[in-house]
Amino acid sequence: MSLNRYRAQCTVESFYGGVGTQQWKEVRLDQKVLDRTESASILNDLNDDLQDLFYKGLLSIVEAINSIHHKRFSWATVKLYYSIFYFLRCSLACYGVVIVRCKKGLFYAKAKDGETFYKVKERTDHKATIEIFNTIYGSGDTLQSNSINGINPYEWLMAKREEVNYKDREFYEPFSPYFFEQIVEEIEKDGLAKLIRKYLKDENFIYCFQEDDALLALPLKRMMLTKQHMQNKGIIKFLSDEKKCHVKELLNMGESAIDLEILEEFVGY
């Protein structure tokens, strides 16, 4: 079976013999120091990986919006969380941070000459990604400048996903979850497109920390911040024409269709 794995992961593996070799099985990644050539190779891979990660995040949030329009709130909750996960991974890649799974642990390093790998306490990809982002950039992240009922916003959304996915004995449909009630009311009153526009235009990030709004507002603002990180790297065209058309089709939802002004925030021009 051939797996289309992240390029940077495969490159780091190749430095130490590759998966399946005795050298990789015995490697102590937290004792390895990157040299200039290795760092350049990882950075090159990250520049490709981050565009794939951005599309995974973008498609997750667009599919969630489409699901909300069709009143499929349970899977929309899962997809909104996953968009956060992929956007955080994308932003880390923009910063030149590589995340590597080695044996049963997760490690990260800045792709710079002389940098070493650090082992993450958390062992799952999701919790580890949030931990790494918090460790390196948490203090400068606008979306972590406040909490939601005393909980880190990313962890709050992850908990909602776990609640729907694992803890509830059934999905909510045809009804909406309690944490979707305010969003549903606003959609019924003014429409989904207007609500999305309100969240995207929220310059003070107020809605990202309000429990009634954060489920949708937080991923939308994370998307915008990650998109800015890509632009800072000089990446202007985020999607191929085929992917752009697919996103547009998902957002073309009759009376709830997203107008061009909002669409630009998703696909860029």
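Residues numbered from 1 in each chain as written. Predicted model: local features only at pLDDT ≥ 70, side-chain atom pairs only at ≥ 80, totals over all residues. Heavy atoms only, no water.

Student: Describe the packing of aromatic side chains, naming the residues involved and giving the relevant values.
Tutor: Applying the stated rule across the entire model yields 16 aromatic pairs. Aromatic side chains Tyr81 and Tyr82 sit 5.6 Å apart centroid to centroid with 70 degrees between the ring planes, which places their arrangement in the edge-to-face category. Residue classification places Tyr81 among the buried residues on the basis of a relative accessible area of 1%. Take Tyr82: its relative accessible area is 22%, and that puts it in the partly exposed class. Ring centres of Tyr82 and Tyr86 lie 6.0 Å apart, and the angle between their planes is 40 degrees; this geometry places the pair in the tilted category. Of the two residues, Tyr82 and Tyr86 are both situated in helix H4 (residues 73–94); the distance of four residues between them amounts to about one turn of the helix. Classification of Tyr86 as buried rests on a relative accessible area of 14%. Feature note: the residues Phe73, Tyr178, Phe179 and Phe180 constitute an aromatic cluster, connected by ring pairs. (Phe/Tyr/Trp six-rings, centres within 6.5 Å; stacked < 30°, edge-to-face > 60°. Buried < 20%, exposed > 50% of the residue type's maximum accessible area, 1.4 Å probe, protein only. Helix = DSSP H or I, 4+ residues; strand = E, 2+ residues; numbered from the N terminus.)

Student: Please give an account of the packing of helix H1 (residues 7–15) against helix H3 (residues 36–69) that cites residues and values.
Tutor: In the contact formed by H1 and H3, the axes pass within 7 Å of each other and the chain directions differ by 155 degrees. Classed by the angle they form, the pair H1 and H3 counts as roughly antiparallel. In this structure, H1 contributes Arg7, Ala8, Thr11, Val12 and Phe15 to the contact, and H3 contributes Glu38, Ser41, Ile42, Asp45, Leu46, Asp48, Asp49 and Asp52. When grouped by side-chain class, the residues that make up the contact of H1 with H3 number five nonpolar, two polar and six charged. (Axes fitted to C-alpha atoms, helices over the stretch in contact; angles between N-to-C directions. Parallel < 35°, antiparallel > 145°, perpendicular 65-115°, else oblique. Contact = heavy atoms within 4.5 Å. Nonpolar A, V, L, I, M, F, W, Y, C, P; charged D, E, K, R; others polar.)

Student: Tell me about the pattern of salt bridges, and name the residues and values.
Tutor: On inspection of all chains with the given rule, the structure shows nine salt bridges. The salt bridge partner of Arg7 is Asp49, with a shortest N-O separation of 2.8 Å. Here the residue Arg7 occupies a position in helix H1, and Asp49 occupies one in helix H3, the gap between them amounting to 42 residues. For Asp49, a relative accessible area of 3% gives the class buried. Two residues, Asp52 and Arg7, come together in a salt bridge whose shortest N-O distance is 2.8 Å. A residue pair is termed long-range when its members are at least 10 positions apart, and Asp52 in helix H3 and Arg7 in helix H1 qualify at 45 residues. The exposure class assigned to Asp52 is partly exposed, which follows from its relative accessible area of 29%. Owing to a relative accessible area of 33%, Arg7 belongs among the partly exposed residues under this scheme. Members of the salt-bridge network, linked through shared partners, are Arg7, Asp49 and Asp52. (Salt bridge = Lys/Arg side-chain N within 4 Å of Asp/Glu carboxyl O.)

Student: Provide a residue-level description of the packing of helix H5 (residues 125–137) against helix H6 (residues 153–167), including the pertinent values.
Tutor: In the contact formed by H5 and H6, the axes pass within 11 Å of each other and the chain directions differ by 175 degrees. Judged by the angle between their axes, H5 and H6 are roughly antiparallel. Taken together, the residues of H6 that come into contact with H5 (itself represented by His126, Lys127, Ile130 and Phe133) are Tyr154, Glu155, Met158 and Glu162. Of the residues belonging to the contact of H5 with H6, the class tally is four nonpolar, one polar and three charged.

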